[in-house]
Amino acid sequence: MFESLGDRLGGVFDRLRGRGALTEADVRGAMREVRIALLEADVALPVARDFVDKITEAAVGQQVLRSVTPGQQVVKIVNDALVEMLGGDSAELEIGVTPPAVVMLVGLQGSGKTTTTAKLARLLRKQGKKVMMASLDVNRPAAQEQLTVLGTQAEVATLPIVEGQQPVEIARRALQSAKLQGYDVVMLDTAGRLHVDQALMAEMQAVADIARPNEILLVVDSLTGQDAVNVARNFSDQVPLTGVILTRMDGDARGGAALSMRAVTGKPIKFAGVGEKLDAIEPFHPKRVAGRILG
Ligand code: GDP
């Protein structure tokens, strides 16, 4: 993850740190390079511009330039700004409510939604929660069976499939049985879509009205870069998303989606998918990710 950005920034910072004194021109030159590195990492242009403007303003301050270690100070300013860009503090799942908490996952087809539902369910089970999953995807043949198979692998219960039921009825049934059987969390895997489409949006809204989710998490493929951010903006205009899960971070050398997501959508990235296996999911910690980028 972020290999090329890390290398580029590392080069800029080594040069800054290597010099005893810094002039405003040195800082501005370095920030131009930071901007190019961000754009090459596929960060959205306005986000890269704002980022660089903000750090330039802070870094050309006399206190920084006159300090004993100006290079270090500039690097620290960039680090702090990067943490903020990635979302600041880690965003936890809001599931500490009167059970059952409802977590609904939405996203485009192929984004990794069904796999992520099972990964997250498994993670919560490992944390001692009693979790049930239900697939509301009645559009794609075998989608419900796919979740059942993953449930078996993840050792998480799935709602029994009733042929012919519509998403709203399935959601209602999932909630009822979770209440009756004392589940802590119900995870709803909704139908995927090829693009942001009105009929499916309406369906998602109807399910949300019934299920009143504590979390509505959008699953997006980080490899699609700026498209992932556009998808998130579209979804977020139509459903009250509480967070984003970025999948395929394991293959994402650039990191543009992760870096632009918060600024463009205002939504926190809550988890990162880092592989195909069911344990390949990590809470998204902006500080750690920034640390990884800056080496
Ligand atoms: P859905 O159509 O959105 O439900 O997508 P699926 O859950 O069926 O996932 C599509 C493919 O992406 C599957 O082959 C998954 O194994 C794979 N996948 C999901 N998440 C990740 C991830 O974080 N990393 C990698 N490498 N593959 C993933």
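Residues numbered from 1 in each chain as written. Predicted model: local features only at pLDDT ≥ 70, side-chain atom pairs only at ≥ 80, totals over all residues. Heavy atoms only, no water.

With an unreviewed UniProt entry as reference, the protein is termed Signal recognition particle protein, source organism Sphingomonas baiyangensis. As recorded by UniProt, the Sequence similarities (unreviewed entry) comment attached to the protein reads in full: "Belongs to the GTP-binding SRP family. SRP54 subfamily." Its UniProt record, at the heading Subunit (unreviewed entry), says of the protein: "Part of the signal recognition particle protein translocation system, which is composed of SRP and FtsY. SRP is a ribonucleoprotein composed of Ffh and a 4.5S RNA molecule." (UniProt positions renumbered as here; feature names shortened; annotations may be inferred.)

(A) Structural context of helix α12 (residues 286-294). For α12, the set of buried residues is P286, V289, A290 and I293. Projected down its long axis, α12 carries its buried residues within an arc of 100°, all on one side. Counted as exposed and oriented over 90 degrees from the buried face of α12: K287 and R288. Summarising the contacts, the buried residues of α12 are in contact with α1 (3-17), α5 (70-85) and α11 (256-265). (Buried < 20%, exposed > 50% of the residue type's maximum accessible area, 1.4 Å probe, protein only. Helix = DSSP H or I, 4+ residues; strand = E, 2+ residues; numbered from the N terminus. Arc of directions from axis to C-beta. Contact = heavy atoms within 4.5 Å.)

(B) Just the pattern of salt bridges, in detail. Applying the stated criterion across every chain yields a total of 14 salt bridges. Of the charged contacts, one joins R19 and D26 as a salt bridge, the two residues approaching to 3.4 Å between their closest N and O atoms. According to the relative accessible area criterion, R19 is partly exposed, its value standing at 42%. Across the pair D221 and R248 runs a salt bridge, and its minimum N-O distance is 2.8 Å. Of this pair, D221 sits in strand β5 (residues 215-221) while R248 sits in the loop between β6 (243-247) and α11; the two residues are 27 residues apart in sequence, bridging distant segments of the chain. When its relative accessible area of 34% is taken as the criterion, R248 is described as partly exposed. (Salt bridge = Lys/Arg side-chain N within 4 Å of Asp/Glu carboxyl O.)

(C) Quick peek at the environment of V102. Summarising the element assignment, V102 is placed in strand β1 (residues 101-107). Owing to a relative accessible area of 2%, V102 belongs among the buried residues under this scheme. Each residue touching V102, except ones within four places of it in the same chain, is listed here: L175, V186, L188, A211, R212, P213, N214 and E215.

(D) Quick peek at the pairing of β5. For β5, a buried count of 7 out of 7 residues is recorded, marking the element as mostly surrounded by other parts of the structure. Alternating positions in β5 separate into two faces, E215, L217, V219 and D221 on one and I216, L218 and V220 on the other, with burial throughout. Here β1 pairs with β5 via 5 bridges, running parallel. Its bridge partner lying in β5, V106 is registered against L218. Two elements, β5 and β6, share 5 bridges in a ladder whose sense is parallel. Along β6, the bridge assignment pairs L217 with G243. With helix α10 (residues 226-238) bridging β5 and the parallel β6, this β-α-β connection has right-handed handedness. (Pairing = 2+ DSSP bridges. Right-handed = clockwise from strand over helix to strand, strands pointing away.)

(E) The arrangement of the packing of α1 against α5 in detail. Direction vectors running N to C along α1 and α5 enclose 150°, while the axes themselves pass 8 Å from each other. The orientation of α1 with respect to α5, classified from their angle, is roughly antiparallel. Crossing angle aside, the handedness with which α1 passes α5 is right-handed. On α5, the residues that touch F13, L16 and R17 of α1 are G71, Q72, V74, V75 and V78. In terms of residue class, the contact of α1 with α5 is made up of 5 nonpolar, 2 polar and 1 charged. (Axes fitted to C-alpha atoms, helices over the stretch in contact; angles between N-to-C directions. Parallel < 35°, antiparallel > 145°, perpendicular 65-115°, else oblique. Left-handed = near helix turned anticlockwise from the far one by under 90°. Nonpolar A, V, L, I, M, F, W, Y, C, P; charged D, E, K, R; others polar.)

(F) The pairing of strand β7 (residues 269-273), seen in detail. In terms of residue burial, β7 counts as a mostly covered element, since 5 of its 5 residues are buried. Alignment of β6 against β7, held across 3 bridges, turns out to be parallel. Bridge pairing in β7 places I245 opposite F271. Regarding the hand of the β-α-β motif, the stretch spanning β6, α11 and β7 is right-handed. With 3 bridges connecting them, β7 and strand β8 (residues 281-283) associate as antiparallel partners. By the bridge assignment, F271 is partnered in β8 with P283.

(G) Summary view of the site of the ligand. Taken together, 17 residues lie near the ligand, and G110, K113, T115, R248 and D250 sit nearest. Between the ligand and the protein, one listed contact pairs an oxygen atom with a side-chain N or O atom of T115 at 2.5 Å. For the ligand, the protein covers 80% of the area, taking 590 Å² as the surface of the free molecule. Considering every element that reaches the shell around the ligand, the biggest residue donor is helix α6 (residues 113-126), with 4 residues. Looking at side-chain class alone, the shell around the ligand contains 2 nonpolar, 10 polar and 5 charged residues. (Near = heavy atom within 4 Å. Polar contact = N/O pair within 3.5 Å; in protein donor to acceptor, adjacent residues only side chain to side chain. Areas by Shrake-Rupley, 256 points an atom, 1.4 Å probe, with all protein chains shown as cover.)

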